[in-house]
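Working through the structure, step by step
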Amino acid sequence: MKIALILPPITLEERYNKVVAHMAGSLPPLGLLSIGTMLKQAGHDVMVYDGSIMSFDAIMAEIGHFAPQVIGITAMTVMWPKVKFLSAKIKERWPKINIIVGGVHATMIKENALSELPNVDAVAWGEGEYSMLDYVEKTHDPRRTQPIDGIAFRLMDGSVAKGRDREPITDLDALPIPDRTMVPVTKYVSAFEQYKRLPVTNIITARGCPFKCIFCLPSLLGKGVRYRSTEKVIEEIEYLLTNFGIRDVAFWDDTFTVNKKRVFEICECIIEKRLDFIWSAQARADCVTPAMLEMMARSGCWKLFFGVESLVQKNLNTLRKGEGVKQIFEAVKWTKKAGIEVEASFIFGIPGETFREGLETIRLAKILDPDYAKFFFLTPYGDFLKEAKIYGTIIDEDQTRYGGSAMRFIPFSMSREELGELYYRAYRQFYLRPKMAWRRMKKICDPIEFEKSINGLRAIAAFVIEELKSRTFKKRGYGKA
Ligand code: B12
Ligand code: SF4
């Protein structure tokens, strides 16, 4: 069967906002590649169209050319309106194509998605590899009535057949290595802070996270952490290096450092095999040690991301982050000492957070002094959306309008203007420091760093213009969706 898998076309501006778009980028959609590879191995003819690097017209033209029988669309919440649009256009042109939608947002709302998507035939939740395989193999029979696990689909009489939840995939090694030939893997350029060498690409070595920060949805694809074996991870890295000349790898695991023994194992293998690449990953302050960081640096780790969120202990506790401010400072110090760059992200608008506390986070962020810092407004998704109403005002109930950098929740403890002010101040005070300029200057001879600096300057210029506009209109509530 011919199957097309699509990430809906969405520009970086639509994903984030005008300012962040200058520093943002994209990497291949690993979920779709994993599903696509499973389908290919089962003998199907599969194409992947990634709307982060393809326009709507290009995708439509490819569909016309390939003529798939089934189309699978993926979406995070921010892409949901695009799914509605794309599915309507596809059905209008090719009414016989069967459309199924999966991914993070569909997983949050499950079968209810069908009522929001009149042009879609089925919706899948949770991990999609086995669900999609089942669906494709059974879908040629229009009279099918038997539910399929992890999927809800429309029946001929208009009713819906809803399957049971699928058990999380425990043996991740049983999944094939995502086939990167389905996308132009070396053409991608990721976000500013996600690469140091090109070509760069992404890999996932585990699914899930054991922590329970209230703003996050880590258990969406199944509770607990499931790991791929070190052998399989190394096999995938070697595949990327040999076949595509990849020189930088971004580990997209929720928390790569959660299992220390495994991190040591992977690093040892990289060193032993002399694999020539550098890499970055997401970590937590309570999941790193100096010895581990040294080992990571020796194996090529150039940057770690820490979701710091706040530098006021009370607010970290509210987020159920399970970390201490002291621990964060210590982890960042160790990371820098090991020669690894640090990226940190912060959240404003935490329930109960005051303007003063926000200012304190900014002050301490400058002392913490990561190489890259990102600032966000708290975005309540899923169950936390209901809870959040007790602590503040939800600006817009429609989660699908949540851009990556939009203000959506204002805690009762501060005003909208104060919250907007924190966002502006944070970026301005953090990046417009002589220290940051000096840091960039030192790297300017490297062509990649030079390009990054130019993009950084563009972002600063866009930021200043946005702030001036915002001041002019006295609208300090930054971040239209
Ligand atoms: C890497 C990552 C990113 C990357 C790239 C995201 C991308 N374009 O794919 C970057 C850094 C750019 C990013 C940015 C953001 N992200 Co992000 N990100 C992740 C992360 C850590 C991994 C994604 C991933 O590849 N997972 C692994 C693959 C295998 O899973 P998957 O893609 O979901 O696919 C599986 C299933 O969903 C399903 N499936 C998927 N599609 C389909 C389609 C069909 C037809 C079927 C049947 C099944 C199916 O099957 C797949 C295989 O099992 C997730 C957390 C997570 N663990 O998923 C958060 C996550 C997806 N991000 C999240 C958020 C909030 C954001 C931001 C909005 C944050 C911000 N404030 O800026 C931005 C905005 C992104 C944007 N506007 O596009 C949320 C999503 C919330 C939501 N409801 O949408 C998550 C869940 C993290 C969280 N906080 O809880 N993110
Ligand atoms: S540690 Fe990170 S991935 Fe895990 S729940 Fe918290 S924010 Fe989510």
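Here the residue index of a chain counts from 1 through its sequence in written order. Chains and ligands are labelled sequentially in the order written, the chains with letters from A and the ligands with numbers from 1. Local features are withheld for residues below a pLDDT of 70 in this predicted model, meaning they are given only at 70 or higher, and side-chain atom pairs are given and counted only at 80 or more; totals for whole chains, interfaces and linings count all residues.

Describing the overall build of the protein
- Across its full length, the protein carries 18 helices and 17 strands.
- Scaling as 2.2 N^0.38, a compact globule of 481 residues should have a C-alpha radius of gyration of about 23 Å, and the protein matches this with 22 Å.
- Counting only C-alpha atoms and orienting by the principal axes, one finds that the protein spans roughly 65 × 55 × 35 Å.
- Per-residue burial for the protein yields a buried fraction of 44% across its 481 residues.
- Residues are scored as being in contact if the C-beta atoms we place from backbone atoms lie within 7 Å. The long-range fraction of contacts in the protein, counting pairs at least 24 apart against all pairs at least 6 apart in sequence, stands at 74%. Numbering of helices and strands starts at the N terminus; helices are DSSP runs of H or I of at least 4 residues and strands are runs of E of at least 2. Radius of gyration: C-alpha atoms only; globule rule: 2.2 Å multiplied by the number of residues to the exponent 0.38. Residue burial is a threshold on neighbouring C-beta atoms within 10 Å of the residue's own C-beta, all placed from the backbone, with 20 or more meaning buried, 12 or fewer meaning exposed, and counts in between meaning partly exposed.

Re the site of ligand 2
- Placing the C-beta atom from the backbone, one calls a residue near a molecule or strand if that atom lies within 6 Å of it. In the neighbourhood of ligand 2, 10 residues make up the surrounding shell, with Cys209, Phe211, Cys213, Cys216 and Asp254 lying closest.
- Here the shell around ligand 2 is composed, by residue class, of 5 nonpolar, 2 polar and 3 charged. Residue polarity follows a fixed list, in which Ala, Val, Leu, Ile, Met, Phe, Trp, Tyr, Cys and Pro are nonpolar, Asp, Glu, Lys and Arg are charged, and the others, Gly among them, are polar.

Considerations on the sheet that holds strand E12 (residues 278-283)
- When DSSP finds two or more bridges between a pair of strands, those strands are recorded as paired. If you walk across this open sheet you meet the 6 strands as E8-E11-E12-E13-E14-E15, and the pairing is parallel. At either end of the open sheet lies a strand with only one pairing partner, and these are strand E8 (200-203) and strand E15 (372-377). On average, each strand axis in the sheet is tilted by 20° relative to the strand beside it, whichever way the strands run.
- Judged from the 5 bridges that link them, E12 and strand E13 (residues 301-309) form a sheet pairing that is parallel. Looking across to E13, one finds that Ala283 is bridged to Phe306. Helix axes are fitted to C-alpha atoms over the stretch in contact, other axes to C-alpha atoms as well, and angles between N-to-C directions run from 0 to 180 degrees.

Topic: the nonpolar core
- Here, a nonpolar core denotes buried Ala, Val, Leu, Ile, Met, Phe, Trp, Tyr and Cys residues that are linked to one another through C-beta atoms within 7 Å. Among the nonpolar cores identified, the biggest contains 126 residues, and Val101, Ala122, Val123, Phe306, Phe346 and Phe377 are the most heavily contacted of them.
- Of the residues forming this core, the biggest block, 6 residues, is contributed by helix H16 (residues 416-431).
- Each domain's limits were defined by an automated method or a database of domain assignments. Each of domain 1 (2-162) and domain 2 (189-476) accounts for three or more of the residues forming this core.
- Sequence-distant contacts of Ala122, that is, excluding residues within four places in its chain, are made with Ile100, Tyr135, Ile151, Ala152 and Phe153.

Some remarks on the pairing of strand E14 (residues 341-348)
- In terms of residue burial, E14 counts as a mostly covered element, since 6 of its 8 residues are buried.
- Inspection of the sheet shows E13 paired to E14 by 6 bridges, in the parallel sense. Directly across from Glu309, in E14, lies its bridge partner Phe346.
- Pairing analysis gives 6 bridges linking E14 to E15, with the strands arranged parallel. If you follow Phe348 over to E15, its bridge partner there is Phe377.
- Clockwise travel from the first strand over the helix to the second, with the strands pointing away from the viewer, marks a crossover as right-handed. Handedness of the crossover joining E14 and E15 through helix H14 (residues 355-368): right-handed.

Let's talk about the domain arrangement of the protein
- Looking at the protein, the domain boundaries give domain 1 (2-162) and domain 2 (189-476).
- Computed over C-alpha atoms, the centres of domain 1 and domain 2 are 28 Å apart.
- Opposite the 23 residues of domain 1 that make contact, domain 2 presents 28 residues.
- For the side of domain 1 that touches domain 2, the elements supplying multiple residues, two or more each, are helix H2 (18-21), helix H5 (80-93) and helix H6 (104-109).
- Along the lines of polarity and charge, the residues of the side of domain 1 that touches domain 2 split into 13 nonpolar, 7 polar and 3 charged.

A look at the environment of Ala206
- Here Ala206 is to be found in strand E9 (residues 206-207).
- Each C-alpha atom, one on Ala206 and one on Leu172, is 7.9 Å from the other, the two residues being 34 residues apart in sequence.
- Contacts of Ala206, omitting those with residues within four sequence positions, involve Val225, Arg226, Tyr227, Arg228 and Asp253.

Focus on helix H11 (residues 290-298)
- Among all positions of H11, only Leu293, Met295 and Met296 are buried. Projected onto a plane normal to the axis of H11, the buried residues spread over an arc of 160° and lie on a single side.
- Those residues of H11 hidden inside the fold are in contact with helix H10 (260-272), E13 and helix H13 (325-337).
- Gly300, located one to two residues past H11, shows a positive phi value of around 110°. In this description, the arc belongs to the directions extending from the helix axis to the C-beta atoms.

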